[in-house]
Amino acid sequence: MRRILLFAAIACLPLVTAQCKRTKSYAPKGYELVWQDEFNEGTEPDAAKWTHVVMRQGMVNHELQNYVNHLTPAGTPVTQVKDGTLRINCFKEDGKVYSGRLNGNARTGWQNGYFEARIKLPEGKGTWPAFWMMPAANRMPNNGWPRCGEIDIMEEVGFTPNEVSSSIHTQAYNHTNKTHKTKAVTIKKAEGDFHIYSLLWTDDQIITYVDGKELLHLEKSVLGDTHEEWPFHYPFHIILNLAWGGDWGGQEGVDEDALPVTMEVDYVRVYQLPADKY
């Protein structure tokens, strides 16, 4: 079993641009930067890296937002790059709520690695921001949710301010039968300040962190090694989104007076061991 639990503060790695916003990363020793977005260029997400998900209200988790491809019918951006950050905006326009959901490196994803994002969360009852992962190029009819697996690096719902959680969902362990594996922590000013949310994923373990401190720790040897128990043996891609309402985000109702709200992302970085690159 590969165990890599030592995190170090290191200088900006070679692939990071000269505009690197932090002088350190929590990436484990030996891991190399293989993909990143520092959101320093342009005015909208880089189409070579990010794909907008288009999805109408209610299609997933009874959520109330409509996800659109960058712009609403009236031309208002749900996603924008500005002043060195990605902004995912959620707002009401022409009687509908609009927001953004982005898939990162959706076609190929990565199998194993260390995934890190620095994020400022919005506030307001009804908000449901997330940084998570799903299988890349998944054939849903044969491997639908939850059998395909899901890794939630960070989620927060506005009716429990500043409480962030990490979870996994599999056929054997998922929230529909209350067996999903999850852990939450309340941190100072998750809403309104930037914090670093990260995942270390190896063949044998999944560990999440908040500002370098361990949150959720799962071992394949404990959960089981069948596909139904541990489907984390193929590439997953990154997802950033800001939902409004829904089964969890709207569990205690929504406050439309809170709109508009914004989830702000300073950077996203992916690291792998040389042996994991492909």
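Residues numbered from 1 in each chain as written. Predicted model: local features only at pLDDT ≥ 70, side-chain atom pairs only at ≥ 80, totals over all residues. Heavy atoms only, no water.

Chemist: Would you mind showing me how to read the overall build of the chain here?
Modeler: A count of helical and extended segments in the chain gives two helices and 17 strands. In summary, the chain has a C-alpha radius of gyration of 18 Å against a globular reference of 19 Å for 278 residues, a match within 12%. Across the 278 residues in the chain, those meeting the buried criterion constitute 55%. Taking all contacts inside the chain whose residues are at least 6 apart in sequence as the whole, residues at least 24 apart take part in 68%. Split by element, the accessible area of the chain, about 12,300 Å² in all, is 49% carbon and sulfur. With 28 positive and 35 negative side-chain charges, the chain shows a separation of 3 Å between the mean positions of the two kinds. (Helix = DSSP H or I, 4+ residues; strand = E, 2+ residues; numbered from the N terminus. Rg over C-alpha atoms; globule rule 2.2 N^0.38 Å. Buried < 20%, exposed > 50% of the residue type's maximum accessible area, 1.4 Å probe, protein only. Contact = heavy atoms within 4.5 Å. Areas by Shrake-Rupley, 256 points an atom, 1.4 Å probe, with all protein chains shown as cover. Lys, Arg positive; Asp, Glu negative; His and termini not counted. Charge placed at Lys NZ, Arg CZ, Asp CG, Glu CD.)

Chemist: Teacher, can you tell me more about the environment of Gly-144 here?
Modeler: Relative to the assigned elements, Gly-144 resides in the loop between β9 (127-135) and β10 (150-155). The class of Gly-144 is partly exposed, set by a relative accessible area of 22%. Once the C-alpha coordinates of Gly-144 and His-70 are considered, the two residues, 74 residues apart in sequence, prove to be 27 Å apart.

Chemist: Just checking my understanding: could you explain empty space enclosed by the protein for this structure?
Modeler: Overall, the coordinates contain two cavities of 30 Å³ or more when judged by the stated rule. Estimated volume of the second largest cavity: approximately 30 Å³. The wall of the second largest cavity is formed by Met-55, Arg-56, Gln-57, Gly-58, Met-59, Val-60, Glu-63, Gln-65 and Tyr-67. The residue inventory of the lining of the second largest cavity, partitioned by class, reads four nonpolar, three polar and two charged. (1 Å grid on protein atoms, 1.4 Å probe; cavity = no way out; pocket = protein on both sides within 12 Å on 5 of 7 lines; lining within 4 Å. Points joined across faces, edges and corners; volume = space filled by probe spheres on them. Nonpolar A, V, L, I, M, F, W, Y, C, P; charged D, E, K, R; others polar.)

Chemist: I tried to follow unusual backbone geometry on my own but got confused; where do I start?
Modeler: Residue Pro-146 is reached from Trp-145 by a cis peptide bond, and omega for that bond is 5°. If you trace the backbone, Pro-146 turns up in the loop between β9 and β10. Its identity as a non-glycine residue notwithstanding, Asn-112 has a phi of 75°, on the positive side. Judged by relative accessible area, which is 2%, Asn-112 ranks as buried.

Chemist: Would you mind going over the pattern of salt bridges with me for this structure?
Modeler: Any two side chains of opposite charge can pair if their charged atoms end up close together. Across all of its chains, the model carries nine salt bridges by this definition. A salt bridge links Glu-256 to Lys-92; the nearest nitrogen and oxygen atoms lie 2.8 Å apart. With a gap of 164 residues between them, Glu-256 in the loop between α2 (246-249) and β17 (261-272) and Lys-92 in strand β5 (residues 85-93) connect regions that are remote in the sequence. The salt bridge involving Glu-264 is made with Lys-120; its shortest N-O contact spans 3.6 Å. Taken together, the positions of Glu-264 in strand β17 and Lys-120 in strand β8 (residues 113-120) put the pair 144 residues apart, joining distant regions of the chain. (Salt bridge = Lys/Arg side-chain N within 4 Å of Asp/Glu carboxyl O.)

Chemist: I tried to follow the packing of aromatic side chains on my own but got confused; where do I start?
Modeler: The relative placement of two aromatic rings is captured by the distance of their centres and the angle of their planes. By the definition in use, this model includes twelve aromatic pairs. Ring centres of Tyr-114 and Tyr-271 lie 5.7 Å apart, and the angle between their planes is 50°; this geometry places the pair in the tilted category. In this pair, Tyr-114 sits in strand β8 while Tyr-271 sits in strand β17, placing the two residues 157 residues apart along the sequence. By relative accessible area, which is 0% here, Tyr-271 ends up buried. Look at Trp-230 and Phe-232: their rings are 5.2 Å apart centre to centre, the planes differ by 90°, and that puts the pair in the edge-to-face class. Phe-232 carries the same exposure label as Trp-230, and that label is buried. Linked through ring pairs, Trp-35, Phe-39, Trp-50, Trp-110, Phe-115, Trp-201, Trp-230, Phe-232, Tyr-234 and Phe-236 together constitute an aromatic cluster. One Lys or Arg, Arg-269, reaches over the ring of Tyr-267 and ends 3.7 Å from the middle of that ring. (Phe/Tyr/Trp six-rings, centres within 6.5 Å; stacked < 30°, edge-to-face > 60°. Lys NZ or Arg CZ within 6 Å of the ring centre and 35° of its normal.)

Chemist: It is not clear to me how the layout of surface pockets should be interpreted in this structure. Could you clarify?
Modeler: One way to see where empty space is left: roll a probe the size of a water molecule over the atoms. Taken as a whole, the largest pocket holds about 780 Å³ of empty space. Lining the largest pocket are 31 residues, with Asn-61, Trp-128, Glu-150, Glu-155 and His-175 sitting closest to its centre. Taken together, the elements giving at least two residues each to the lining of the largest pocket come down to β7 (101-104), β9, β10, β11 (163-169), β12 (181-186), β16 (236-244) and α2. Classifying every residue of the lining of the largest pocket by side-chain character gives 13 nonpolar, eleven polar and seven charged.

Chemist: For this particular structure, what's the right way to read the environment of Pro-28?
Modeler: Among the secondary structure elements, Pro-28 is positioned in the segment before β1 (32-37). Look at Pro-28 and you get buried, because its relative accessible area is 2%. Measuring from C-alpha to C-alpha, the distance between Pro-28 and Gln-205 comes to 14 Å, with 177 residues separating the pair along the chain.

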